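# Structural overview for review
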Amino acid sequence: DTAVSQTPKYLVTQMGNDKSIKCEQNLGHDTMYWYKQDSKKFLKIMFSYNNKELIINETVPNRFSPKSPDKAHLNLHINSLELGDSAVYFCASSFALRGVTGNTIYFGEGSWLTVV
Amino acid sequence: SQKIEQNSEALNIQEGKTATLTCNYTNYSPAYLQWYRQDPGRGPVFLLLIRENEKEKRKERLKVTFDTTLKQSLFHITASQPADSATYLCALPGSSASKIIFGSGTRLSIRP
């Protein structure tokens, strides 16, 4: 019974293609995230949705478009892929982070994207 | 701007010793701090949370301290085992409190 599941786990694609990564959580959380981990292992937040509403949009190229059809799903679509997009993309979820609450973030297993 | 530094990229210690990892932050005062473990090829997994009014937190062989004056957290693993080998990430709430920001991690290797 996977808590946060994302597909595909591995994705190799050519430059210029469009691809999507899907994510689902069964933890009943109201907030979902996309993080990017680069080759130096630095984990950086990209987007955050709370109850299907975008609340965080870090400085990410607009080729990246998240979509949340409901609070249990957050998909990431990437247009016109570039070599620099190669990274591991992690989906995550939590209850809403408010002030001092400090809710735990649960991560998926990651999607390894390689652009050639 | 907010900055989180884990000042050891890698740490190698002998099995049975205590591993101590450091997390320093600047330019803000977080209400809490978290530690996560990440194994190769896996997503980070939550280990411990410590709040600003707590000096120390323990969980089995893990101990975390939080010094808001020094702006530093120490993460200790006592009686370390090879199975403790992983990357450990500290994480703090961002200025907006609606996101968690991660440090770059320390790769810990425990040799038998």
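Residues numbered from 1 in each chain as written. Chains lettered and ligands numbered in written order. Predicted model: local features only at pLDDT ≥ 70, side-chain atom pairs only at ≥ 80, totals over all residues. Heavy atoms only, no water.

### Structural notes on the overall build of chain A
In terms of regular secondary structure, chain A is built from zero helices and eleven strands. Across chain A, helices and strands are ordered from the amino to the carboxyl terminus as β-β-β-β-β-β-β-β-β-β-β. Whereas a compact globule of 116 residues would reach a radius of gyration of roughly 13 Å, chain A reaches 14 Å, a difference of no more than 12%. Referenced to the eigenvectors of the C-alpha coordinate spread, the extents of chain A come out at roughly 40 × 30 × 30 Å. (Helix = DSSP H or I, 4+ residues; strand = E, 2+ residues; numbered from the N terminus. Rg over C-alpha atoms; globule rule 2.2 N^0.38 Å.)

### Things to note about the pattern of salt bridges
As enumerated under the stated definition, the model contains ten salt bridges over all chains in all. One salt bridge connects A:Glu58 with B:Lys99, and the closest N-O pair in it is separated by 3.0 Å. Of the two residues, A:Glu58 is situated in the loop between strand 6 (53-57) and strand 7 (64-70) and B:Lys99 in the loop between strand 9 (86-93) and strand 10 (100-102); the pairing between them involves two chains. Notably, a salt bridge pairs B:Glu56 with B:Arg58, separated by 2.9 Å at the nearest N-O pair. With a relative accessible area of 59%, B:Arg58 lands in the exposed category. Overlapping salt bridges bring together A:Arg63, A:Glu82 and A:Asp85 as one network. (Salt bridge = Lys/Arg side-chain N within 4 Å of Asp/Glu carboxyl O. Buried < 20%, exposed > 50% of the residue type's maximum accessible area, 1.4 Å probe, protein only.)

### Some words on the layout of surface pockets
Leftover empty space is mapped by rolling, across the atoms, a probe with the size of a water molecule. Looking at the largest pocket, its volume works out to about 510 Å³. Those elements that place two or more of their residues in the lining of the largest pocket are strand 9 (87-94) of chain A together with strand 9 and strand 11 (106-111) of chain B. Split into classes, the residues belonging to the lining of the largest pocket amount to eight nonpolar, eleven polar and seven charged. (1 Å grid on protein atoms, 1.4 Å probe; cavity = no way out; pocket = protein on both sides within 12 Å on 5 of 7 lines; lining within 4 Å. Points joined across faces, edges and corners; volume = space filled by probe spheres on them. Nonpolar A, V, L, I, M, F, W, Y, C, P; charged D, E, K, R; others polar.)

### A short note on the interface of chain B and chain A
Every contact between the two is made by 20 residues of chain B and, on the other side, 25 residues of chain A. With both sides pooled, the region where chain B packs onto chain A buries about 1800 Å², and carbon together with sulfur makes up 54% of that total. Taken as a group, B:Ser98, B:Lys99 and B:Phe102 account for 26% of the area that chain B buries against chain A, more than any other trio of residues on that side. Our count for the contact surface shared by chain B and chain A stands at two salt bridges. One salt bridge in this structure joins A:Glu109 and B:Arg42, with 2.3 Å as the shortest N-O distance. If you list the elements that add at least two residues to the side of chain B that touches chain A, you get strand 4 (32-38), strand 5 (45-51) and strand 10 of chain B. Broken down by element, the side of chain B that touches chain A gets its largest block of residues, four residues, from strand 4 of chain B. Here the side of chain B that touches chain A is composed, by residue class, of ten nonpolar, seven polar and three charged. (Contact = heavy atoms within 4.5 Å. Buried area = accessible area lost by both parts, 1.4 Å probe.)

### Examining the environment of A:Val60
Residue and element names in this part refer to chain A. Position of Val60 relative to the elements: it lies in the loop between strand 6 and strand 7. In this structure, the C-alpha to C-alpha distance between Val60 and Asn79, residues 19 residues apart in sequence, is 12 Å. Excluding its chain neighbours within four sequence positions, the residues that come into contact with Val60 are Met46 and Phe47.

### A word on the nonpolar core
Residues and elements named next belong to chain B. With 23 residues, the main nonpolar core has Leu33, Trp35, Phe75, Tyr88 and Leu108 as its most contacted residues. Listed by contribution, the elements that provide at least two residues to this core are strand 3 (19-26), strand 4, strand 5, strand 7 (62-67), strand 8 (72-77), strand 9 and strand 11. Each residue touching Leu33, except ones within four places of it in the same chain, is listed here: Cys23, Tyr25, Leu48, Leu49, Ile50, Phe66, Ser73, Cys90, Ala91 and Leu92. (Core = buried A, V, L, I, M, F, W, Y, C linked by side-chain atoms within 4.5 Å.)

### So, the sheet that holds strand 3 of chain B
Residue and element names in this part refer to chain B. The five strands lie next to each other as 1-3-8-7-6, forming an open sheet whose pairing is antiparallel. Both edges of this open sheet fall to strand 1 (3-5) and strand 6 (56-59), since each of them pairs with a single strand only. The average undirected angle you get between the axes of adjacent strands in this sheet is 15 degrees. (Pairing = 2+ DSSP bridges. Axes fitted to C-alpha atoms, helices over the stretch in contact; angles between N-to-C directions.)

### Topic: the state of the cysteines
Counted by the stated rule, this structure contains two disulfides over all chains. Bridging A:Cys23 to A:Cys91, the disulfide has an S-S length of 1.8 Å. Given an S-S torsion of about -80 degrees, the disulfide between A:Cys23 and A:Cys91 has left-handed geometry. A residue pair is termed long-range when its members are at least 10 positions apart, and A:Cys23 in strand 3 (residues 19-25) and A:Cys91 in strand 9 qualify at 68 residues. Between B:Cys23 and B:Cys90 runs a disulfide, and the two sulfur atoms are separated by 2.0 Å. A torsion of 65 degrees about the S-S bond marks the disulfide between B:Cys23 and B:Cys90 as right-handed. Here B:Cys23, found in strand 3, pairs with B:Cys90, found in strand 9; they are 67 residues apart in sequence, far enough to count as distant. (Disulfide = S-S within 2.5 Å.)

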